[in-house]
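These are the residues of each chain, in order.
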Amino acid sequence: MGYIGYARTALNATVTFLAIWAGLYLLLTGRGERFNVGGYLLRLSPYMWALYGISFCIGLSVIGAAWGIFIAGSSILGGAVRTPRIATKNLISIIFCEVVAIYGVIMAIVFSAKIAAVSSEKGFSSSDYYTGYSLFWGGLAVGLSNLICGLAVGITGSNAAVADAHDQQLFVKILVIEIFGSVIGLFGLIVGLLVTGKAEDFTGII
């Protein structure tokens, strides 16, 4: 198991013990109402959720694109050393990976259009909280989908380059698989639009 495994187990056990102890303490001292998740969420600004969603949307998308380009590009460069003809044709894999980042940028622009400056002196309306939560989950859905899409396209593009270097007739067959992998990012984009479709601009309590 090793020292790292023992340390991780001890840390998890300590955190679990402290959480249970704190919960029992509040419960037995008559302060169990402090476990109010709804009250905690209402105390947080919906701007925070919205900006987190936009950050996850563009950040995870760019990470997925960069990771896919790293995986596919290294195989293309390595295979082109022995078979130079594959270098130009397999750049389609790099383009597919870059499209993933473009999806994230486009959705981040769409999401940011719903954010407007309002005065929080009177508080936020229920529609503001709905907009904040929907932008958070929509951005997270788009970001995670594009992250997985970038990895899928990168790994498939890497294998396409190696297969093309061995037999150029295999390139088109693997390219079809790569196209289906790139559609995952488009599905995430559609899900993000559906989640945030009914979200209104921030208005505050009038």
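What counts as what
Starting from 1, residues in each chain are numbered consecutively following that chain's sequence as written. With pLDDT at 70 or above as the cut-off, local features in this predicted model cover only qualifying residues; side-chain atom pairs require 80 or more to be listed or tallied, and sums for whole chains, interfaces and linings still use all residues. Note that water and hydrogens are dropped before the side-chain values are worked out from all heavy atoms of the structure. Patch definition: residues above 30% relative accessible area lacking any salt bridge, with like charges linked at up to 9 Å and the nonpolar side chains Val, Leu, Ile, Met, Phe, Trp and Tyr linked at up to 5 Å. Accessible areas in this description were obtained via Shrake-Rupley with a 1.4 Å probe; residue shielding takes into account the shown protein chains only. In the sections that follow, a salt bridge refers to a side-chain nitrogen of Lys or Arg positioned within 4 Å of a carboxyl oxygen of Asp or Glu. Runs of H or I in DSSP of at least four residues are treated as helices and runs of E of at least two as strands, each being numbered from the N terminus. Burial classes follow relative accessibility: with a 1.4 Å probe on protein chains only, a residue under 20% of its type's maximum area counts as buried, one over 50% as exposed, and anything between as partly exposed. Residues enter a nonpolar core if they are buried and are Ala, Val, Leu, Ile, Met, Phe, Trp, Tyr or Cys, with the set joined through side-chain atoms within 4.5 Å. Between two residues, a contact is recorded if the distance between any of their heavy atoms is within 4.5 Å.

**Re a nonpolar patch on the surface**
Taken together, the side chains of F17, L18, W21 and Y25 define a hydrophobic patch exposed on the protein surface, amounting to about 480 Å² of accessible area. Looking at where Y25 falls in the secondary structure, it is placed in helix α1 (residues 2-28). Judged by its relative accessible area of 41%, Y25 falls in the partly exposed class.

**Observations concerning the nonpolar core**
Counting 14 residues, the largest nonpolar core has C57, M107, F111 and V142 as its most contacted members. Those elements that provide at least two residues to this core are α3 (46-82), α5 (91-112) and α6 (126-166). Other than its neighbours up to four places away in sequence, C57 contacts G104, M107, A108, F111, G139, V142 and G143. Among the nonpolar cores identified, the runner-up in size contains 9 residues, and F96, C97, C149 and L175 belong to it.

**Regarding the pattern of salt bridges**
By the definition in use, this model includes 2 salt bridges. Salt-bridge contacts for K89 lead to D164; the nearest nitrogen and oxygen are separated by 3.4 Å. With K89 in helix α4 (residues 86-89) and D164 in helix α6, this pair connects stretches of sequence that are 75 residues apart. Through salt bridges that share partners, R85, K89 and D164 make up one connected network.

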